There are 2 protein chains.
Amino acid sequence: MNEYDILKETCLHSEPIFDGVVLHVYKDDIRLPNGHESTREVIRHLGAVAIVPLTDDGKVIMERQFRYPVDAVISEIPAGKLDSLGEDRLDAAKRELREETGITADEWINLGDYHPSAAYTDERLTIYLARGLHRGQQELDEDEFLHLEEIPLNRLVDLVMDGTITDGKTQIGLLKAARYLGK
Amino acid sequence: MNEYDILKETCLHSEPIFDGVVLHVYKDDIRLPNGHESTREVIRHLGAVAIVPLTDDGKVIMERQFRYPVDAVISEIPAGKLDSLGEDRLDAAKRELREETGITADEWINLGDYHPSAAYTDERLTIYLARGLHRGQQELDEDEFLHLEEIPLNRLVDLVMDGTITDGKTQIGLLKAARYLGK
């Protein structure tokens, strides 16, 4: 038994609340470590990938897109959901980068996983650093809208630190990439 | 008109799906920039705060707690939800730090905001660096379980980079704190 098993909560009953396109919401009855019962609101999510595409001259290919929940156009690294549970994450990252930016890459470096909101979703996101970039044609579907721009990584890290860039995966991807590259 | 307004989506109808304790789920009909209609699944969230409590000898007060959605005990910086929309975020951070760790702090530095998942929630989280710490009594409620530990910031940054620490707010808080402190 792990020393932290005494913190564990166990599921008594899981009630499906909403089966959406992106979000699958459940309300679970659980047993707490002290024997009490409680509930947990949980979003099941397929998982996602994000990419820091770095040019030979130290710029990152960024996207600007409107994010409805926050009612703003924000600046993000390329990213996307897995197509299915268990899809190979590197394959998904290559697909999302190619579709959203037209770019393929010679070198893919795994910068690790994170949980965006472990309090209420099982979503796990994997971030890659892509180098050795080759340009091609974007493959956006007709209902997808985004603008591409190239910005020096050092400048982007300043925009993360001063709060201009607010997207979570983008903050983590840029800060990890900068540290990985010794910048 | 802003040059990015052409990316904007507008709400046609918002349907409440689930009004939970933590999560408030909506399914909205929207109009895309090309005139087409689509839907967005949105979680409304009060917002949250997280704190990097740094001791005089360079250690961070960390919490281990079980996170039901990811079915694991994970390592996190102290954090909590706002009590109400519009609650002062610094007040909330001081309350959460005191309740979860018993600690008060002389110095509070705002390390900026981020959106954990701008694709599907309006949640905004503010991170603070707290220094000049004073120890006191934890004020956990009887159904709250967490273990405290102190770990050097430099070691924690290594654990973020190698993927051992997977919590998003913790990755951002530790990476920003390290960069802010020039480490």
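Conventions we followed
Residues numbered from 1 in each chain as written. Chains lettered and ligands numbered in written order. Predicted model: local features only at pLDDT ≥ 70, side-chain atom pairs only at ≥ 80, totals over all residues. Heavy atoms only, no water. Helix = DSSP H or I, 4+ residues; strand = E, 2+ residues; numbered from the N terminus. Contact = heavy atoms within 4.5 Å. Areas by Shrake-Rupley, 256 points an atom, 1.4 Å probe, with all protein chains shown as cover. Axes fitted to C-alpha atoms, helices over the stretch in contact; angles between N-to-C directions. Parallel < 35°, antiparallel > 145°, perpendicular 65-115°, else oblique. Nonpolar A, V, L, I, M, F, W, Y, C, P; charged D, E, K, R; others polar. Buried < 20%, exposed > 50% of the residue type's maximum accessible area, 1.4 Å probe, protein only. Buried area = accessible area lost by both parts, 1.4 Å probe. Salt bridge = Lys/Arg side-chain N within 4 Å of Asp/Glu carboxyl O. Polar contact = N/O pair within 3.5 Å; in protein donor to acceptor, adjacent residues only side chain to side chain. Expected span 1.5 Å × (residues − 1). Core = buried A, V, L, I, M, F, W, Y, C linked by side-chain atoms within 4.5 Å. pLDDT = per-residue confidence, 0-100. Pairing = 2+ DSSP bridges. 1 Å grid on protein atoms, 1.4 Å probe; cavity = no way out; pocket = protein on both sides within 12 Å on 5 of 7 lines; lining within 4 Å. Points joined across faces, edges and corners; volume = space filled by probe spheres on them. Least-squares fit on C-alpha atoms with pLDDT ≥ 70 in both. Phe/Tyr/Trp six-rings, centres within 6.5 Å; stacked < 30°, edge-to-face > 60°.

On to the overall build of chain A, then. Each helix and strand counted, chain A has three helices and 10 strands in total. Overall, the C-alpha framework of chain A stretches about 60 × 40 × 30 Å when taken along its three principal axes. Counting only contacts in chain A whose residues sit at least 6 apart along the sequence, the fraction spanning at least 24 positions is 57%. Carbon and sulfur atoms provide 44% of the accessible area of chain A, an area that totals close to 8100 Å².

Helix H3 (residues 168-180) of chain B packs onto helix H2 (residues 153-161) of chain A with a crossing angle of 110° between their chain directions and a minimal axis gap of 11 Å. Of the possible angle classes, the one that applies to H2(A) and H3(B) is roughly perpendicular. Contacts from A:Val157, A:Val160 and A:Met161 of H2(A) reach H3(B) at B:Lys176, B:Arg179 and B:Tyr180. A class-by-class count of the residues in the contact of H2(A) with H3(B) yields four nonpolar, no polar and two charged.

Looking now at the environment of B:Glu144. All names here are of chain B. Its place among the elements puts Glu-144 in the loop between strand S9 (125-134) and strand S10 (147-152). Take Glu-144: its relative accessible area is 30%, and that puts it in the partly exposed class. Residues Glu-144 and Ile-172, spaced 28 residues apart in sequence, show a C-alpha to C-alpha distance of 24 Å.

Attention now moves to the interface of chain B and chain A. If you look at the interface, chain B gives 68 residues, while chain A gives 68 residues. In this assembly, chain B packs against chain A so that about 6300 Å² is buried in total across both faces, 64% of it on carbon and sulfur atoms. Scanning the region where chain B abuts chain A turns up two salt bridges. Between B:Asp71 and A:Lys8 there is a salt bridge; the shortest N-O distance is 3.0 Å. Viewed at the interface, chain A and chain B are joined by 31 residue pairs in polar contact (both at pLDDT 80 or more). With eight residues, H3(B) is the largest single contributor of residues to the side of chain B that touches chain A.

Let's shift gears to the pattern of salt bridges. For side chains bearing opposite charge, pairing can occur when the charged atoms are close. Scanning the model with the defined rule gives 30 salt bridges over all chains in all. In this structure, A:Arg98 engages A:Glu139 in a salt bridge whose closest nitrogen and oxygen atoms are separated by 3.5 Å. Taken together, the residues A:Arg98 in helix H1 (residues 89-101) and A:Glu139 in the loop between strand S9 (125-134) and strand S10 (147-152) connect sequence positions 41 residues apart. Judged by relative accessible area, A:Arg98 falls into the partly exposed class, the value being 33%. Accessibility expressed as a relative area gives 42% for A:Glu139, which makes it partly exposed. Taking the shortest distance from any N to any O, the salt bridge between B:Asp113 and B:Arg124 comes out at 2.2 Å. Residue B:Asp113 is located in strand S8 (residues 104-114), and its partner B:Arg124 is located in the loop between S8 and S9; the two are separated by 11 residues in the primary sequence. Each of A:Arg67, A:Glu76, A:Asp167 and A:Lys169 takes part in a single network of salt bridges with overlapping partners.

Residue and element names in this part refer to chain B. When the terminal C-alpha atoms of H3 are compared, their 18 Å separation across 13 residues agrees well with the 18 Å that a helix rising 1.5 Å per residue should span. Among the 13 residues that make up H3, 11 are buried, leaving the element largely enclosed by the rest of the structure. Restricting attention to buried positions, one finds in H3 the residues Gly-168, Lys-169, Thr-170, Gln-171, Ile-172, Gly-173, Leu-174, Leu-175, Lys-176, Ala-177 and Ala-178. Immediately beyond the C-terminal end of H3, within one or two residues, lies Gly-182, with a positive phi of roughly 75°.

Counting 52 residues, the largest nonpolar core has A:Val60, A:Leu174, B:Val60 and B:Leu174 as the members making the most contacts within it. Not counting residues up to four positions away in its chain, the partners in contact with B:Leu174 are B:Val52, B:Val60, B:Ile77, B:Leu153, B:Leu156, B:Val157, B:Val160 and B:Ile165.

So, about the confidence of the model for chain A. Across chain A, the average pLDDT comes to 95, with 99% of residues at 70 or higher. Interface confidence in the predicted complex, given as ipTM, is 0.96; pTM for the same model is 0.96.

Here we take up the sheet that holds S10(A). Residues and elements named next belong to chain A. Ordered in space as S6-S5-S10, the three strands form an open sheet in which the pairing is antiparallel. Where the open sheet ends on each side, the last strands, each with one partner, are strand S6 (72-76) and S10. Taken over all neighbouring pairs, the strand axes of this sheet differ in orientation by 30° on average, direction set aside. Here strand S5 (residues 59-67) pairs with S6 via five bridges, running antiparallel. Each residue of the ladder has a partner; that of Phe-66, found in S6, is Val-73.

To locate leftover empty space, one rolls a probe as large as a water molecule over the atoms. Applying the stated rule across the entire model yields one cavity of 30 Å³ or more. Roughly 40 Å³ of internal volume is contained in the largest cavity. Lining the largest cavity we find A:Leu175, A:Arg179, B:Leu175 and B:Arg179. Looking at side-chain class alone, the lining of the largest cavity contains two nonpolar, no polar and two charged residues.

In this section: the relation of the copies chain B and chain A. Between chain B and chain A, which share one sequence, the superposing operator has a rotation angle of 180° and an axial displacement of 0.0 Å; the RMSD is 0.0 Å. Here the transformation between the copies is reduced to the relation of a two-fold axis. Most of the interface of chain B is mirrored in chain A, where 100% of its interface residues are also at the interface.

In this section: the packing of aromatic side chains. All names here are of chain A. Enumeration over the complete set of coordinates arrives at two aromatic pairs over all chains. For the ring pair Trp-108 and Tyr-128, a centre distance of 6.0 Å and an interplane angle of 80° mean the geometry is edge-to-face. Pair noted here: Trp-108 is in strand S8 (residues 104-114) and Tyr-128 is in strand S9, with a separation of 20 residues, a long-range link.

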